[in-house]
Amino acid sequence: NTPGNGEGTKNLNRKVTDFGGITAKADEEGKIALDIWVDEKGAVVRTKFKASKSTSPSENLIKLATKWAHTMEYEKLLGAPTQYVGYQIFTFKNQ
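A brief structural summary. None of the values given here were measured: they were computed from a predicted structure.

## Section: the packing of aromatic side chains
Then step 1. Tallied over the full model, the rule gives three aromatic pairs.
Then step 2. Ring centres 5.1 Å apart and planes at 55 degrees place the aromatic pair Trp-37 and Tyr-84 in the tilted group. With Trp-37 in strand β3 (residues 30-38) and Tyr-84 in strand β6 (residues 83-92), this pair connects stretches of sequence that are 47 residues apart. You'll find Trp-37 and Tyr-84 in the same group, each marked buried.
Then step 3. Measuring from ring centre to ring centre gives 5.9 Å for Trp-68 and Phe-92, while their planes differ by 80 degrees; the resulting arrangement is edge-to-face. One end of the pair, Trp-68, is in helix α1 (residues 59-69); the other, Phe-92, is in strand β6, and 24 residues separate them in sequence.
Then step 4. For Trp-68, a relative accessible area of 22% gives the class partly exposed.
Then step 5. A relative accessible area of 7% means that Phe-92 is categorised as buried.

## Section: the sheet that holds strand β4 (residues 44-49)
Then step 1. Taken in spatial order, the four strands make up an open sheet running β1-β6-β3-β4, and their pairing is mixed. On the outer flanks of this sheet lie β1 (9-10) and β4, each paired with one strand and no other.
Then step 2. Alignment of β3 against β4, held across five bridges, turns out to be antiparallel. Note that in β4 the partner of Val-38 across the bridge is Val-44.

## As for α1
Then step 1. Every buried residue belonging to α1 is among Leu-61, Ile-62, Leu-64, Ala-65 and Ala-69, and all of these are buried. Looking down the long axis of α1, one finds its buried residues gathered within 165 degrees of arc, a one-sided arrangement. Structural note: α1 exposes Glu-59, Lys-63 and Lys-67 on the side pointing more than 90 degrees away from its buried face.
Then step 2. Looking at the buried residues of α1, the elements they touch are β3, β4 and β6.
Then step 3. Its side-chain oxygen at 3.3 Å from the backbone nitrogen of Asn-60, Ser-58 defines the N-terminal cap of α1.

## What to know about the pairing of β6
Then step 1. Relative to β6, β1 runs parallel, the two being bridged by two bridges. Looking across to β6, one finds that Thr-9 is bridged to Gln-83.

## As for the nonpolar core
Then step 1. Counting 16 residues, the largest nonpolar core has Ile-32, Leu-34, Ile-36, Tyr-74, Phe-90 and Phe-92 as the members making the most contacts within it.
Then step 2. Mapped by element, the contributors of at least two residues to this core are β3, α1 and β6.
Then step 3. The dominant element in this core, judged by the number of residues it contributes, is α1, at five residues.
Then step 4. The contact partners of Phe-90, leaving out residues within four places of it in the chain, are Gly-30, Lys-31, Ile-32, Leu-34, Ile-36, Ala-65, Trp-68, Ala-69 and Met-72.

Procedures and definitions
Residues numbered from 1 in each chain as written. Predicted model: local features only at pLDDT ≥ 70, side-chain atom pairs only at ≥ 80, totals over all residues. Heavy atoms only, no water. Phe/Tyr/Trp six-rings, centres within 6.5 Å; stacked < 30°, edge-to-face > 60°. Helix = DSSP H or I, 4+ residues; strand = E, 2+ residues; numbered from the N terminus. Buried < 20%, exposed > 50% of the residue type's maximum accessible area, 1.4 Å probe, protein only. Pairing = 2+ DSSP bridges. Arc of directions from axis to C-beta. Contact = heavy atoms within 4.5 Å. Polar contact = N/O pair within 3.5 Å; in protein donor to acceptor, adjacent residues only side chain to side chain. Core = buried A, V, L, I, M, F, W, Y, C linked by side-chain atoms within 4.5 Å.

This is how it looks when you write it as structure tokens:
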């Protein structure tokens, strides 16, 4: 019942309470999917690029998506270990 690398437990029912955001502008377009792990306070503590659900392998977009993910917040679950909560897709448009 653990994600691929065995780190933490899996809980796909934890809801996002704040989608966060970044002010950086992307100079390219694409969708970046990241697997996300959160701590008991709902803070994103780890991400991993998910190529199978992404439309771009751009290192720049992956970096921006990772930065964005770390501004997100999930439901608190005090006493819980680090949990895999699924993946999110971050969409970037050329600005």
